[in-house]
Amino acid sequence: MAKFTADFIVNGATFPGLILAREVADAGYNVIVLEWTGHIGGMTTGGLGVGDWITNTRWGWVLKFFQYIASHPPYNRTDGSEQKDFSSDEAIAAVNALLLDTPRVTVVTKARIRNVYRKASDRTAIEYVELENGDTYWSNYWGDGSYECDLPALAGISMRYGRDSRYLFREKVEYPDERGLLSLPGHKPYDLTPKRLVDDRGDRYPNATQPPFVGQVIGGGGPRAQAYGFRYSLRYQTARLPWPKPPGWRDADTDRIVDLILKGEVGGLFPLGLSPRPVSGTPDTSPNSPGRYSTNGGDLAGIFTNGWGNRSYAERDKIALRACYATMGANWTAANDPRVPESRRNNINDWGLPLDEFQTDYIGFPGHASAYYVRDDRSIRAQYMMSTKDMYDDTGLNIAGYFSDPIAVGGYHPDFHAFYRYPLPGGLQGRFDGGIDYSNHRRYSIPLRACLPFASECSNLVVCWGVSGSTIFRASYRIEQTAGLVGQSLGMLIALAIGRNAKIGAVPYADLLVKMKAANAILQYPA
């Protein structure tokens, strides 16, 4: 057991968490980053190789990140432009060169928090955390950049959980479920035609078993997590690893995947998903070129994410490994089982895992992703909670999303995937369970107050991933770059507080605004 101290401690070595840490370090302070997994960089370096961004809203470290990738092989651009899509190796190189190239930031992996302790003299302040290995980490200032929002939750701060938009925020649901609730948002809100009660995304929930039967309730119990399994890189045609058959993969598992392929309605490249995305700007730009990377979604594993945030670290490890086996087993089945139509087998066999990514850092298999994709499980109940009223101009006055304390701009459309259907009268047909149609999304400011717990609950903590808001807001906010922009502004705030030995809430917003403007921060849109 050992004791460590730092001026600032961040839980979560995600992209936004590392930006938060680096910004404080550049102000001259020592920072420790605690990461519960063995992977650094979160989804940005862990398989999500597409930067879903909003035009004209990138600045600071986020802008430098995309410019760094564009200026290095294989792109080698010298015009200051950005590279939107990239391989994980390129992202790791950028993170190491930009965010970790300082002795003032120390990252500790496999740092799993057991307990959070408050100061005896000030119960609103976190004093130190104890890890599972007995080590303790002490600081007067804390931040959380983890996807699970573990530090606030373990500190006893009020939390909110996913799928809450209707009953908590009274937000509009164009296509409600059978109870009139947003229990599970739908991916195809316009499609109201009856469908066979086949779970076409992969038996994601225990009560969505195959084959369907009369009276079956799909989506009867909505999971808290808005999670989608994995994002992983692909190689097309050459220089790829074949799909592995996982140890312990059973005939019954194969039968289930074949049943989904033959009876489901996914089409395309199931179980890979429907959107392999080529990396643009690579030397070989011909269609379906053998050397091009592609990123892709693996929704099949989402069944395992229910209650993810409340699971122990050891349980999460098991869940992620099991989900990896399910994903790879489904790919192997689709590529090899003779019952699968030949054209679909050929499609799957055209793809494989990369030979040059995730060879030392992966879940389950070399070439597989190194991070498990959980968009939103829980977040804090902050001094301000974002909702659709802050994202959309419902008044016609063009004032939605403008605050007195903005620190960044978001605006990605809230996208959800549909996983379940509820039964129509008769029992064997159903419709998607829940649906949102906020297609006319707009850019919106993100207020500082949405990143700060109530001062009475915790006065020395900021949160850059688990920002407070409804399910619909969180589905828009969850873009890595948006959270990274928030992380940089929060880093400026922490640096000011440390320099003054003041509580975070005692730093005037006007002083933070000076720092943000000096960094050319974009705080509202139009600017």
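The structure this text deals with has already been given above.
Predicted, not measured: the structure shown is a model, and the values here were computed from it.

S.K.: Honestly, the overall build of the protein in this entry has me stumped. Any pointers?
M.R.: Helix and strand counts for the protein stand at 12 helices and 22 strands. Carbon and sulfur atoms form 51% of the exposed surface of the protein, whose accessible area is close to 19,900 Å².

S.K.: Looking at this structure, I do not really get the packing of aromatic side chains. What am I missing?
M.R.: Within a pair of aromatic rings, the relevant descriptors are the distance that separates the centres and the angle that separates the planes. Scanning the model with the defined rule gives 16 aromatic pairs in all. Geometrically, the ring pair formed by Phe4 and Tyr137 is stacked, given 4.8 Å between the ring centres and 15 degrees between the ring planes. With a gap of 133 residues between them, Phe4 in strand β1 (residues 3–5) and Tyr137 in strand β7 (residues 136–138) connect regions that are remote in the sequence. Three or more aromatic residues joined by ring pairs make a cluster, and in this case those are Trp36, Phe230, Trp308, Tyr313 and Tyr372. Its guanidinium or amino end placed over the ring of Trp61, Lys64 lies 4.3 Å from that ring's centre, counting from NZ or CZ. Its guanidinium or amino end placed over the ring of Trp36, Arg316 lies 5.1 Å from that ring's centre, counting from NZ or CZ.

S.K.: For this particular structure, what's the right way to read the sheet that holds strand β6 (residues 126–131)?
M.R.: By definition, the strands of a sheet pair up through backbone hydrogen bonds, in either a parallel or an antiparallel sense. Across the sheet, four strands lie side by side as β1-β7-β6-β5; this open sheet has mixed pairing. Sheet topology places β1 and β5 (113–118) at the edges, where each strand pairs with a single neighbour. Adjacent strand axes in the sheet meet at a mean angle of 20 degrees, parallel and antiparallel pairs treated alike. Across five bridges, the pairing between β5 and β6 is antiparallel. Bridge pairing in β6 places Asn115 opposite Glu130.

S.K.: Which parts of the structure should I look at to understand the packing of helix α2 (residues 60–70) against helix α3 (residues 88–98)?
M.R.: A pair of packed helices is characterised by two quantities: the angle between their axes and the separation of those axes. α3 packs onto α2 with a crossing angle of 125 degrees between their chain directions and a minimal axis gap of 9 Å. By the angle between their axes, α2 is oblique relative to α3. For the element pair α2 and α3, the recorded crossing hand is right-handed. On the side of α2, the interface is formed by Trp61, Lys64, Phe65, Tyr68 and Ile69, while α3 contributes Glu90, Ala91, Ala93, Ala94, Val95, Ala97 and Leu98. Looking at the contact of α2 with α3 residue by residue, the classes come out as 10 nonpolar, no polar and two charged.

S.K.: How should the environment of Lys503 be read in this particular structure?
M.R.: In this fold, Lys503 is placed in the loop between α11 (480–500) and α12 (509–518). Remark: the alpha-carbon pair of Lys503 and Leu461, spanning 42 residues in sequence, is separated by 9.5 Å. For Lys503, the residues in contact, after removing those within four places along its chain, are Asp122, Thr124 and Ser459.

Reading guide: rules and limits
- Residues numbered from 1 in each chain as written.
- Predicted model: local features only at pLDDT ≥ 70, side-chain atom pairs only at ≥ 80, totals over all residues.
- Heavy atoms only, no water.
- Helix = DSSP H or I, 4+ residues; strand = E, 2+ residues; numbered from the N terminus.
- Areas by Shrake-Rupley, 256 points an atom, 1.4 Å probe, with all protein chains shown as cover.
- Phe/Tyr/Trp six-rings, centres within 6.5 Å; stacked < 30°, edge-to-face > 60°.
- Lys NZ or Arg CZ within 6 Å of the ring centre and 35° of its normal.
- Pairing = 2+ DSSP bridges.
- Axes fitted to C-alpha atoms, helices over the stretch in contact; angles between N-to-C directions.
- Parallel < 35°, antiparallel > 145°, perpendicular 65-115°, else oblique.
- Left-handed = near helix turned anticlockwise from the far one by under 90°.
- Contact = heavy atoms within 4.5 Å.
- Nonpolar A, V, L, I, M, F, W, Y, C, P; charged D, E, K, R; others polar.

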